[in-house]
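As a plain string of letters, each chain reads:
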Amino acid sequence: MTLPPSITPDYQRDWPRYFDAVASLGPRDTLIRAAGLHGQADPANPPMAVDIACGEGRDTRELLARGWRVWAFDATCQAIDRLSASVPRDQHHALSARVLRMEDAAAAEDWPGEVALVNASFALPFCDPAAFPSLWKRIVQCLAPGGRFAGQFFGDRDEWAVVRPASHWRRAEVDKLFKGFHFEHFEEVEKDGGDALGITKHHHLYHIVARRVG
Ligand SMILES: C[S@@+](CC[C@H](N)C(=O)[O-])C[C@H]1O[C@@H](n2cnc3c(N)ncnc32)[C@H](O)[C@@H]1O
């Protein structure tokens, strides 16, 4: 099998380089949609979000600015350093951020419960597929009734699917995974284009905002 030059079999990327490339970009569309659907945060009882593989913090910063509390994690130290350094001092009390792998997160004792949002922007495809079922179970369990999931899944026709097919999903598989949710936004994208580091690839992914109803 010949792999495209942009990828390696273990899915490792140069994340600090990626953080540089996206540093000036605003929050993800899926996060903005989910926060908008939730509505204004009640300052007397701020909503709680989990931000999975938060990166340098583009979505966490937006949630904090909107008055949310955020429990954020990422496997890369630099991500958490950059996020912590970029959050205004008067919002630090609402942020809990730590270095943590998705593969270990399901067992984290302080993972909050009854959360209004689990945000996983371009995150879950990087979880070891063997650990994904426990992580997904934790995601679903931690959501309050009416709570939302926002994020992306990679599709089966994405160029990277040759590397780790189990991290790439057919549409019917995604539908099955989201049993007990109502899709509020579902956008399937398939196109050739550049990634964050400017490397051209064939993209196939699903942008999802879904509300827990079950
Ligand atoms: C494509 S970036 C997305 C970052 C951020 N959510 C965003 O939307 O910009 C993927 C992130 O996953 C993190 N990551 C990769 N493997 C991980 C793992 N096994 N557990 C936790 N985080 C991981 C990387 O450090 C990186 O920040």
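Described in the following lines is the structure provided in the data block.

The rules behind each value
- Residues numbered from 1 in each chain as written.
- Predicted model: local features only at pLDDT ≥ 70, side-chain atom pairs only at ≥ 80, totals over all residues.
- Heavy atoms only, no water.
- Helix = DSSP H or I, 4+ residues; strand = E, 2+ residues; numbered from the N terminus.
- Rg over C-alpha atoms; globule rule 2.2 N^0.38 Å.
- Buried < 20%, exposed > 50% of the residue type's maximum accessible area, 1.4 Å probe, protein only.
- Contact = heavy atoms within 4.5 Å.
- Core = buried A, V, L, I, M, F, W, Y, C linked by side-chain atoms within 4.5 Å.
- Pairing = 2+ DSSP bridges.
- Salt bridge = Lys/Arg side-chain N within 4 Å of Asp/Glu carboxyl O.

## Focus: the overall build of the chain
Next, step 1: The secondary structure content of the chain amounts to 7 helices and 8 strands.
Next, step 2: Taken against the 2.2 N^0.38 rule, which gives 17 Å for 214 residues, the C-alpha radius of gyration of the chain at 16 Å falls within 12% of a compact globule.
Next, step 3: Taking the principal axes of its C-alpha atoms as reference, the chain extends roughly 55 × 40 × 30 Å.
Next, step 4: Relative to its full complement of 214 residues, the chain shows a buried share of 50%.
Next, step 5: Contacts in the chain between residues at least 24 apart in sequence constitute 72% of all its contacts with a sequence separation of at least 6.

## Observations regarding the environment of Pro-43
Next, step 1: With respect to the helices, strands and loops of the structure, Pro-43 is situated in the loop between helix H2 (29-38) and strand E1 (48-52).
Next, step 2: Once the C-alpha coordinates of Pro-43 and Met-102 are considered, the two residues, 59 residues apart in sequence, prove to be 30 Å apart.

## Details of helix H3 (residues 58-65)
Next, step 1: Regarding H3, the residues found buried are Arg-58, Asp-59, Thr-60, Leu-63 and Leu-64.
Next, step 2: One or two steps after H3, the chain reaches Gly-67, where phi turns positive at roughly 95 degrees.

## Overview of the nonpolar core
Next, step 1: With 44 residues, the main nonpolar core has Ile-52, Trp-111, Leu-124, Trp-136, Phe-149, Phe-153 and Phe-178 as its most contacted residues.
Next, step 2: With near-sequence residues (within four places) excluded, Trp-111 lies in contact with Val-50, Ile-52, Trp-71, Phe-73, Ala-105, Leu-135, Arg-138, Ile-139 and Cys-142.

## Regarding the pairing of strand E7 (residues 181-194)
Next, step 1: With 13 bridges joining them, E7 and strand E8 (residues 200-212) adopt antiparallel strand pairing. In the strand pairing of E8, Glu-188 is matched with Tyr-206.
Next, step 2: Following E7, the chain reverses through 5 residues before pairing antiparallel with E8; Gly-198 in that reversal takes a positive phi of roughly 80 degrees.

## Some thoughts on the pattern of salt bridges
Note that side chains of opposite charge can pair when their charged atoms are close.
Next, step 1: For the structure shown, the criterion picks out 13 salt bridges.
Next, step 2: The partner of Glu-173 in a salt bridge is Arg-170, with the nearest N and O atoms 3.7 Å apart.
Next, step 3: Through salt bridges with shared partners, one network takes in Arg-101, Glu-103 and Asp-104.

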